[in-house]
Amino acid sequence: MQRYNLPALEYHLAHGCNLSCQQCSHYSDHHLPGAMPTIEQADADYQRWSNRLKPTRVALLGGEPLLNSAILEHIKLARQHWDSNLMLVSNGFFLHRFPELPKVLVETNCRLEVSQHGTHDEYVKRFREVKHLVWRWREQFPGICIKIRQSHRGWMRQYKVANGKPMPFDSRPDAAFKVCMQKTCTQLYEGKLWKCPALAYFAKLESKLRLHDLPQWQLFRDYQACSPNATDAELKTFLETKAIPQCGLCPSKRTAFSHPDPLQRSALR
């Protein structure tokens with residue numbers, strides 16, 4: 001069976017997060033509900049697609065993936081299914097809970113990317129502890145690959161806010177796709193492929209914030225993810241299609257946005 005190339009495939013190991021980074025493209029600042037995937041669920045999801053997809057990169061993330069207590073087994077499972085570049089993305093605050101993690105990262109050739117999400121004083125103080133742990137791991141485990149990414153730089157608005165609720169933009173889809181920072185972030189969720197995290201997890205956001213009465217979001221509700229029963233032609237079309245109508249609900253300009261202290265929950269702005 002032919003395997004189709006794609007830049008990246010992302011898999012949520014948790015929907016919630018211990019931080020509250022406003023305008024998160026995965027809506028994790030809203031502490032979305034939903035059970036974390038078990039090893040059995042992830043195995044079934046991967047089996048549906050690993051013989052049809054050949055992603056350059058597979059990323060395990062969230063939310064905060066280290067909220068999933070089975071994180072070590074998830075990394076090993078992902079490596080069994082995918083011969084891609086494997087990456088774990090975390091905010092780093094729970095790394096100390098998993099002393100075996102660096103060994104597993106080396107064994108599975110999985111890169112750890114630790115995201116810095118701000119420059120607020122208390123946050124920087126706590127993140128400094130994360131960096132110290134990362135530095136020790138680099139010294140203790142030859143071959144480990146760890147990168148600290150400055151995620152707070154270039155942060156942009158995912159949606160507008162009106163009366164305390166997220167509201168979509170009214171953009172030209174092609175213009176929004178052009179500036180989109182998630183255009184290659186295909187999500188594997190509920191066994192299906194989704195074009196981006198904004199679409200994949202919108203139903204959870206809508207349920208949490210009770211957005212059902214807002215007709216402006218209808219295009220997102222209408223979106224149909226790519227089923228594992230899709231034909232090769234349908235899968236190829238999904239992977240090759242760039243802008244879609246739903247892109248019009250996202251911003252067409254990269255408007256810089258400095259979110260409040262991610263350690264503190266605050267009113268949307």
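Before reading further, recall that the structure is shown in the block above.
This section reports on the structure supplied with the text. Every value quoted in this text rests on a predicted model; they were computed, and no experiment measured them.

The rules behind these values
Residues numbered from 1 in each chain as written. Predicted model: local features only at pLDDT ≥ 70, side-chain atom pairs only at ≥ 80, totals over all residues. Heavy atoms only, no water. Axes fitted to C-alpha atoms, helices over the stretch in contact; angles between N-to-C directions. Helix = DSSP H or I, 4+ residues; strand = E, 2+ residues; numbered from the N terminus. Parallel < 35°, antiparallel > 145°, perpendicular 65-115°, else oblique. Left-handed = near helix turned anticlockwise from the far one by under 90°. Contact = heavy atoms within 4.5 Å. Nonpolar A, V, L, I, M, F, W, Y, C, P; charged D, E, K, R; others polar. Phe/Tyr/Trp six-rings, centres within 6.5 Å; stacked < 30°, edge-to-face > 60°. Buried < 20%, exposed > 50% of the residue type's maximum accessible area, 1.4 Å probe, protein only.

Helix α2 (residues 71-81) packs onto helix α1 (residues 39-49) with a crossing angle of 20 degrees between their chain directions and a minimal axis gap of 10 Å. By the angle between their directions, the pair α1 and α2 is classed as roughly parallel. Read as a crossing pair, α1 and α2 show a hand that is right-handed. Counting all contacts with α1, which are made through Ile39, Ala42, Asp43, Tyr46 and Gln47, the residues of α2 involved are Glu73, His74, Leu77, Ala78 and His81. Here the residues of the contact of α1 with α2 sort into five nonpolar, three polar and two charged.

Attention now moves to the packing of aromatic side chains. Each aromatic ring pair is summarised here by two numbers: the centre-to-centre distance and the angle between the ring planes. Under the defined criterion, the tally for this structure stands at 10 aromatic pairs. For the pair Tyr123 and Phe127, a centre-to-centre distance of 5.7 Å together with 15 degrees between the ring planes defines the contact as stacked. Linking Tyr123 with Phe127, this pair stays in helix α4 (residues 121-140), spanning four residues, or about one helical turn. Both residues of the pair, Tyr123 and Phe127, belong to the buried class. When the ring of Phe202 is compared with that of Trp217, the centres are 5.0 Å apart and the planes differ by 35 degrees; the resulting orientation is tilted. On the criterion of sequence distance, the pair formed by Phe202 in helix α7 (residues 202-209) and Trp217 in the loop between α7 and α8 (218-222) is long-range, its members being 15 residues apart.

Relative to the elements of secondary structure, Leu19 occurs in the loop between β1 (4-12) and α1. For Leu19, a relative accessible area of 2% corresponds to the buried category. Note: C-alpha distance between Leu19 and Leu263 (244 residues apart in sequence) is 5.5 Å. Ignoring sequence-local partners within four residues, the contact set of Leu19 consists of Ser28, Asp29, His31, Asn91, Phe93, His117, Tyr123, Pro262 and Leu263.

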